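Results of the structural survey
These are the residues of each chain, in order.
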Amino acid sequence: MSFVILVLLLPLLAALIVVVGRPRSLDQRAKIGALPIIAAFFVAVVTLVLVSSQGPISLRFYEPRSPANLALPIGVYVDRLSAVMMTLITAVGTIIYLYSTGYMYQDRGYRRYLGLIAFTTFVLLCMVSSANLMMLFVFWQILSWLLFLLAHNHAHAATLQGACKTFTLLRVGDAAFLAGIVLAHALYGTVEFQELFARAAATPVVLSPLPGLEISGATAVTLLIFGGAMSKSAQFPMHIWLPSSLYAPTPIHALLHAGIINAGGFLLNRLAPLYGLSPATLHVVFVVGMLTAVLGASMMLVQNDIKKTLGFSTIGQMGYMIMECGLGAFALAVFHLIAHGLFKATVFLNCGNVIHKVRQEPVSPHAHHAVEEHELPRLTWATGFLTTLLLPLVILLVTHGVLRIPLLDSQGTVIFLFFIWITSSQAILTLTRLRAVASWKVSVAMLLTLLFVVFTYLFAAEAFTHFLYPDPREVASYFRTAALPGRLFDGLVVGTTLLTTLGWVYLYAQAHGRTVRMPVWVQALRVRLYVLFMNRLYVDVLHDRLGRWIMRLAHGLDKHSLGRSR
Amino acid sequence: MAEGMSLWMPAAISLAGAVSGFAVWSRPMALKMWTLAVSLASLASLVVLSGAGGGVLLPALLPIASFLSLLGQPPHEDNRAAWIMTLLLLGLGLGVTAGRDGERMILLTLLLSLLVALLYRYRALSVSHLWQGIGMYGLGVVCLATALAAPAPVSAAAALAVCAMLLPLAPVHAGYVAALAGLPGNLPAFLACLLPALGFHGLLVVLPSLPETVRTALPLLGLVGAIYGTLKALAQSRIRALLAYANLSFFSILWWYVASARTVPPQATLYIGSVSLATTGLLLAWYAMRARYGDMDLRAIRGLAHPMPRFAVLFMLLALAALGLPPFGVFAGFMGLLLTPALPLSGALVVIVLAWLAASWYFLDLLQRLLFGRHRPDLRYEDLHRTELAALLMLVIILLVMGVAPTRVFEPGTPVPRPSVAAGGLAWNK
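Below: a short report on this structure. (Residues numbered from 1 in each chain as written. Chains lettered and ligands numbered in written order. Predicted model: local features only at pLDDT ≥ 70, side-chain atom pairs only at ≥ 80, totals over all residues.)

What follows is about the overall build of chain B. A tally of regular secondary structure across chain B gives 16 helices and zero strands. Computed over its C-alpha atoms, the radius of gyration of chain B comes to 20 Å, within 12% of the 22 Å expected for a compact globule of 430 residues. Overall, chain B is about 65 × 50 × 40 Å in size when its C-alpha atoms are taken along their principal axes. The buried share of chain B, reckoned over its 430 residues, is 59%. (Helix = DSSP H or I, 4+ residues; strand = E, 2+ residues; numbered from the N terminus. Rg over C-alpha atoms; globule rule 2.2 N^0.38 Å. Buried ≥ 20, exposed ≤ 12 C-beta atoms within 10 Å, placed from the backbone.)

Right, dumping it as structure tokens:
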């Protein structure tokens, strides 16, 4: 089973092939460098098949009980989660590497860039196959530094500033992660995953950090580690590094949005048994995820730059992914991150072409596409109504009655259904709005497509949950721990449904020239919110002010102390 | 007897080498080769005579630092005094680690006096901190005399004060800052290793005999030092002062740990050694810049990544090691300390983690200022020479090895006081 090491080492070999050698052979080396990454993908697929049939692979190059080698305990633990992530990373890494050999051809930083892509793939693979929490943390930090280098251009001031902000914020997350590991080790005496889970479950500890405040050991550890996940997965308010890093070359974003940013979701999944012990943490995770999803999507709507739009879209999606973890739907979060990763990689790899094309053809979309029909035919309206209001009921009934998925016990699945409904309805209604075709064929085709998409998604998600977490009791226990009070959850779902539907009605009316009377205060609020979201809630400004305040404090102290610098 | 001799041998080699170096004083290249040979001979004798087992690491770092700091030096007559002083300080330092109480005190007195003389001699070069440094090391000499003459609790406190001057702890850190920021040539790079090693060695000896009140106050001083060092490092625009204050912050963390846990695990040696070596590396790299452009402010130069790629890569790796990123020794030592069972869990950990986090900030700022941005077209750029490259590369490799080597290599070898309260553990735990 030691061949699994090859998956990790092959991208490293690719990085060495690209970096070591003379400049004149660089093109050849760049092409040869693709081979080990492609090979890593195939080995990852074989590993996935083997792990699925024969169970996890574990290789340790250290003695867990010896304190003498705790600082860098290297080992590999590949279960189904790791194997899936390894396959995803090598697949995306291969595509991005191959794309980059053409996209970055003859760029001054070609060698550095390709070397970094291959090395980042290696680090990501090591991170997802870590045998223990310490090794995961080691590669987690190296990833922070690589992100700084990837989002970096020596000679461009704005890029440098963005890269600096990226590293600073990622290090804040790293510090929280470090504190979590230290606390976990102090409370449970181990950083080995399985032992840690077993001890945390077997010996509940209550901490009292402040008089009158009591917190369980598992909650404290998971909250701190969640700080790390928040920074890597760009959760509010630590999301500001992502838009700042958008000056980097386009393929970097494909890798970032398809691989690196998913680290938070992976971390929560890897530590799911620990998170499953703390309802409080899962509720915090849910709230942070929900806030990020709402704010990320809202900020996305007011961007006027394709990359920033995609960047904020990713923030929103990551919020959704984290929210799923907060609802105990850990496997769904992985499913989501894979789907989103592949989709976003494709979009980012293509967005450079779109920008290029728009620069060549300033009238885009083409004139004959731009003419919209201003009337909303009844049939189209009826299709929209069915899609938005009646179809969810059908889906719920089928899911609950036919597929026998216990919706009442799994809020995560409800949220997933909700997500499927909103996104697919939105997509189809947007198409309807654009073309406004009043045809039975089109309407029926759309409804059927929507149903097909929803049920395929649902089936795939259920199958994937069973694949990642074969024991249904484990899945059920996560759902139970994460469950919000029933009325609160129902209120959230109903409230969001109403808001979404009202939003659609309003948008349709606006799009078709109908007058919607709004109170003055709502109009004023709209303008204020627009400005607020356009300025990204001023979180960047607050971050900068905090930095300046610390620097003023430092300079004040330096000025008034002995031995001041001159 | 033979064991005692074996510990003294490296010190004797260095001191004899320093004296005989005057024989080739008029030929800088020959003098440089001689000092390199003496450093290697000290290291070899230390390793061979002490055995390659645990406990040799900290004394061995001294000749290693001496060798590497001398290796990258240009053979110029202005540097000769610094080279001889390096050997002299090396001999005294090795003597301090080898000697017993009385001998150690005398050698330390000589060493501090020599530092006072050096700071006074090179006062024109020193931009700041000079008089505080001279005063502090002068006070150190008085403390050593007190430690020799006074009865038990006072002598322990006086010895501890000297340790705090060497392994810097606020408020007696000024000598360390002055030595790193004010001395010429390779001396700051060498002293960055020598002073903390001697301070740590002294701390191991003096810790069991400290009065309870002093033990209680030390963790607080450690925390204050960590915050103070961090804020001062953030405000510096000169790299040597920045590194000195960064080290004040890092070593204050160690003071806090040792005083709170009341034990000195092997990881502490690793931590001290790697923080010191990373600083040595950064000071050497900066020396290469000073040799080309003079002692300048960080605001006066930028964009070196493109015209000086070898310098940029090595400087970046050393800065990464210094800020505590894996897989270098500083990270291994820091995590090793925090993952020992003796770690006292308290709110102070928040300060420690924040100090660690802030290091990313000021070291990243240093990298941004020095390496990135558009380079100045009015300067002539010349990348690292072979010897400079070799010295920095070796330092990076050593830091890497320290980050991945098994921790038993770093056993201090000196009797360690047993943990008295820390094993009881979790103050938070209800």
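Past the structure itself, the notes keep going.
Moving on, we get to the overall build of chain A. Along its length, chain A carries 23 helices and four strands. Expressed as a percentage of its 566 residues, the buried residues of chain A come to 45%. Partitioning the contacts of chain A with sequence separation of at least 6, the portion at a separation of at least 24 is 78%. (Contact = placed C-beta atoms within 7 Å.)

This paragraph deals with unusual backbone geometry. The omega angle of the peptide bond from Ala-170 of chain B to Pro-171 of chain B is 10 degrees, so this bond is cis rather than trans. By the secondary structure assignment, Pro-171 of chain B is in the loop between α7 (152-166) and α8 (174-182). Put simply, Pro-326 of chain B and Pro-327 of chain B share a cis peptide bond, and its omega is 5 degrees. A positive phi angle is found at Tyr-538 of chain A, which is not glycine, with a value near 60 degrees. Inspection of the secondary structure assignment puts Tyr-538 of chain A in the loop between α22 (520-534) and α23 (539-560).

Here we come to the environment of Thr-263 of chain B. Locating Thr-263 of chain B in the fold gives a position in the loop between α11 (239-261) and α12 (266-293). For Thr-263 of chain B, a count of 21 C-beta atoms within 10 Å corresponds to the buried category.

What follows deals with the environment of Asn-353 of chain A. Residues and elements named next belong to chain A. Assignment of secondary structure puts Asn-353 in helix α15 (residues 330-360). Taking the number of C-beta atoms within 10 Å as the measure of exposure, Asn-353 has 11 and is therefore exposed. On a C-alpha basis, the gap between Asn-353 and Pro-56 in space is 42 Å, while along the polypeptide they are 297 residues apart.

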